[in-house]
Amino acid sequence: MSRERATALLVDFDGVLRRWDPAVAAGVEREYGLTEGVLGEIAMSWGLLQPVLTGQVSHAQWMVSVADALTPAVGADRARAAVQEWQSYRGEVDPHVLAFIREVRAGGIRVGLGTNATDLLDADLATLGLTEELDVIVNSSVVGVHKPAKEYFQAACEALGMPPARVLFVDDEDRAVAGARVAGLSAHRWSGPADLRYLRAALAY
């Protein structure tokens, strides 16, 4: 028997609704004499990333840790300046995804943002003009657990007011998609705007 179509949508932020231009970080690294890719490599190292995604440290503290790691290479002042310049760029909204969110909300579908994020998320949403575009925000640093944990998806479904079987989750990472399916959600791995035709068919609106 085929599964019922979903009546709520949960979308990832980075890699789905928000895009990052890699040229920005690369330009900062060249300007400050840093190794290519080092900003992301340090920031995404699990020892620094996991505490900020679960709300144990703030975004600001996380960035101090990144600057501290860069200090031996370029000195404290240049390290702090490089991180500040890098962080001043807050990404860009994917217009195709935003249009899709508006479309499904107009059709009566509740839409939640399901993201591993820091305490800067609300400010980022405001900066990008997204504050009023979503019904629910499920931020790992507020929930205290991150994707792909089952508890994260349970919290997301509760926030949406829907049972997992009626929620469609969209993410660009295989681990998050697999975790959502274990938690009972329908899940689709995002590869780009060509996926929207499938997502429309999977939602009941």
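Residues numbered from 1 in each chain as written. Predicted model: local features only at pLDDT ≥ 70, side-chain atom pairs only at ≥ 80, totals over all residues. Heavy atoms only, no water.

**Notes on the sheet that holds strand E7 (residues 186-189)**
Under the convention used in this document: In this analysis, strands are considered paired if DSSP registers two or more bridges between them. Only DSSP runs of H or I covering at least 4 residues are called helices, and only runs of E covering at least 2 are called strands; the numbering of each starts at the N terminus. Working convention: axes come from line fits to C-alpha atoms, limited for helices to the stretch in contact. Angles between N-to-C directions cover 0 to 180 degrees. Residues are treated as being in contact if the distance between any of their heavy atoms lies within 4.5 Å.
Strand order in the open sheet made by the five strands is E5-E4-E1-E6-E7, with parallel pairing throughout. Looking at the sheet topology across the chains shown, the edges are occupied by strand E5 (136-139) and E7. Here the average twist between neighbouring strands, direction ignored, is 20°. Taken together, the four bridges between strand E1 (residues 8-11) and strand E6 (residues 167-171) define a ladder with parallel strand orientation. Within E6, the residue paired with Val-11 across the bridge is Val-170. Of the strands in this sheet, E6 and E7 touch helix H10 (residues 174-182), which is tilted by about 170° from E7.

**Considerations on the packing of aromatic side chains**
Applied cut-off: Note on aromatic pairs: the rings of Phe, Tyr and Trp (six-membered ring only in Trp) are paired at centre separations within 6.5 Å, and the planes decide the class, stacked below 30 degrees, edge-to-face beyond 60, tilted for the rest. Think of it in three bands: residues with accessible area under 20% of the maximum for their type are buried, residues over 50% are exposed, and the middle band is partly exposed, with areas taken using a 1.4 Å probe on protein chains only.
Applying the stated rule across the entire model yields three aromatic pairs. Measuring from ring centre to ring centre gives 5.4 Å for Tyr-152 and Phe-153, while their planes differ by 90°; the resulting arrangement is edge-to-face. Its relative accessible area of 0% is what places Tyr-152 among the buried residues. Of the residues examined, Phe-153 reaches a relative accessible area of 0% and is grouped as buried. Ring centres 5.1 Å apart and planes at 70° place the aromatic pair Phe-153 and Phe-169 in the edge-to-face group. Residue Phe-153 is located in helix H9 (residues 150-160), and its partner Phe-169 is located in strand E6; the two are separated by 16 residues in the primary sequence. Here the aromatic cluster, defined as three or more aromatic residues joined through ring pairs, consists of Tyr-152, Phe-153 and Phe-169.

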